[in-house]
Amino acid sequence: MHEFESRLREWRYDLLSRGGVRAWQADELEDQLCCSLAAALHAGADAEGAWREAVEALGNTQTLHTEYTKDRLMTLTSKLAGFAITLAILGLATTGPATFLHIPTIMTVAALIMGGLITSFGWSRTKRALSASFQSASPLEAQEIDHLLPVFKRGYRLAWMSSVIGVVVAFMQLMGNLSDPSRLGEGLALVTLMVFYGAVIAEFVFANGEQWLENRRLPCE
Amino acid sequence: MTSKKLVAASSEPLVLTILSHGESYGYAIIQRVRSVSRDVLQWTDGMLYPVLHRLEERGLIDARWDCSEHGRKRRYYRLTMKGEAALAAQRVEWESVNATLTELWGVSHA
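Treat the numbers as computed from the prediction; the structure is a model and nothing was measured.

1. Structural notes on the sheet that holds strand β3 (residues 73-79) of chain B
Two pairing modes exist for strands in a sheet, parallel and antiparallel, and in both the strands are linked by backbone hydrogen bonds. Residues and elements named next belong to chain B. One open sheet holds the three strands; their spatial order is β1-β3-β2, and the pairing between them is antiparallel. Each edge of the sheet is formed by a strand with only one pairing partner; in this case those strands are β1 (24-25) and β2 (61-67). Sheet analysis places β1 next to β3, joined by two bridges and oriented antiparallel. Bridge pairing in β3 links S24 to Y77.

2. Comments concerning the pairing of β3 of chain B
Residues and elements named next belong to chain B. Along β3, five of the seven residues are buried, which leaves the element largely enclosed by surrounding structure. By the bridge criterion, seven bridges tie β2 to β3 in an arrangement that is antiparallel. Residue pairing for β3: W65 is matched across the bridge by R75. In textbook terms, the turn of a hairpin is the stretch between consecutive antiparallel strands, and for β2 and β3 this stretch comprises five residues, one of which, G71, has a positive phi near 80°.

3. Some details on helix α2 (residues 26-37) of chain B
Look at α2 of chain B: 17 Å from first C-alpha to last across 12 residues, which is about the 16 Å you get at 1.5 Å a residue. Within α2 of chain B, the full set of buried residues consists of G26, Y27, I29, I30, V33 and S37 of chain B. Around the axis of α2 of chain B, the buried residues are gathered within 165° of arc, so they sit on the same side. Against the buried residues of α2 of chain B lie α2 (23-42) of chain A together with α1 (4-20), β1 and α3 (45-57) of chain B. Count one or two residues on from α2 of chain B and you reach R38 of chain B, which has phi positive near 55°.

Calculation notes
Residues numbered from 1 in each chain as written. Chains lettered and ligands numbered in written order. Predicted model: local features only at pLDDT ≥ 70, side-chain atom pairs only at ≥ 80, totals over all residues. Heavy atoms only, no water. Pairing = 2+ DSSP bridges. Helix = DSSP H or I, 4+ residues; strand = E, 2+ residues; numbered from the N terminus. Buried < 20%, exposed > 50% of the residue type's maximum accessible area, 1.4 Å probe, protein only. Expected span 1.5 Å × (residues − 1). Arc of directions from axis to C-beta. Contact = heavy atoms within 4.5 Å.

Honestly, it's all geometry; don't read function into it.
This is the structure we're talking about:
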C-alpha cells in the first residue's frame, strides 16, 4: 500500500475539494479503495492496473460527489417542509399568511444578518456552516462541528440585533411621519414585522441550525 | 444485467440481511453481495455507503470505528433491534412479490 500513498492523498484531496463528502465519509471510502487495491494486487494485477480497477469499482470522484449530494437534498427537502408547515399553520391560525409577508423587511433583516456573518467569518465558512446544518444529518467530526458552530451562535445574536436595528430605523421613520396620522399604522406594522422576522430567523433558522449541527456530532468511541 | 431500479430497490434488504448474520464493513458487504449473486448484482462500491448512512439515520443499523489491516479507519456496521423488525417486514413483502411472479410465470409457461 506504500506505493499508493501519494495517489491516495491526491484522490482524497480531489474528492473533498468537490464538496458534498465529509472527512469521515472520505475515510470510509479510502478504506474501501485500499481493500480493492489489496485484492487486485493479490489477484496478480500490477500497480497501475490495480489502481485503475479499484477506482473503477469505487466510482470516480464526480460520481461519488453526485451520490452524496443527492443524499443531502432529501434531508434539505424534509427540513424545508418543516418550515413550510410551521408557516402554513401560523397563517391559518391568524388572519392569513399575507399578514406576515413583507419582502422588503425580510430582505433587510436577511441582509443585516448575512452581512454580519460574512464580515465575521467570510463567505466560505458561512456557506459551509449553513450547508452542513441544513443539507445533511450524517455524522460529522467534532473538530469540524466546533469550527462551524460559532457561525450559528453569531447568527442567532445578529438576528435579534437586526430586529432591534430595524425597530430603531422604523421608529425613526415613524417619528418623521407623526404629522400624518394615516401613516402611523403602517409604521407600527413595520416595527412589529422587524421584531417578528428577527425572532423567527433567530429561533427557527439559527437556533435550530445549531442543534442540527450538534446532532451530527460523532459519538465518542 | 439487472436494471438500476431493481438494484436500488433491493439494496436495503440485501444490506440488512447481510448485517443480520453479524457485524460487517463496506468492502465485505459488497464482496458478499457479489459472491451470493454470482456477479449478477454489480454495485459500484461508492453507492453502498449512502445506503448505509441512510439506514443509520433511520436507526436500522449502528456503526463504530476501528482500525483496518491497512492502517486506515474502518467503519463497522451492525443491525439494531429496529433494523431486525424492518428486515422481517421487508422479507414478507419480497416473498409475497416473488410468490406472485412465480405463480404468474408458472401459469404462462403451462
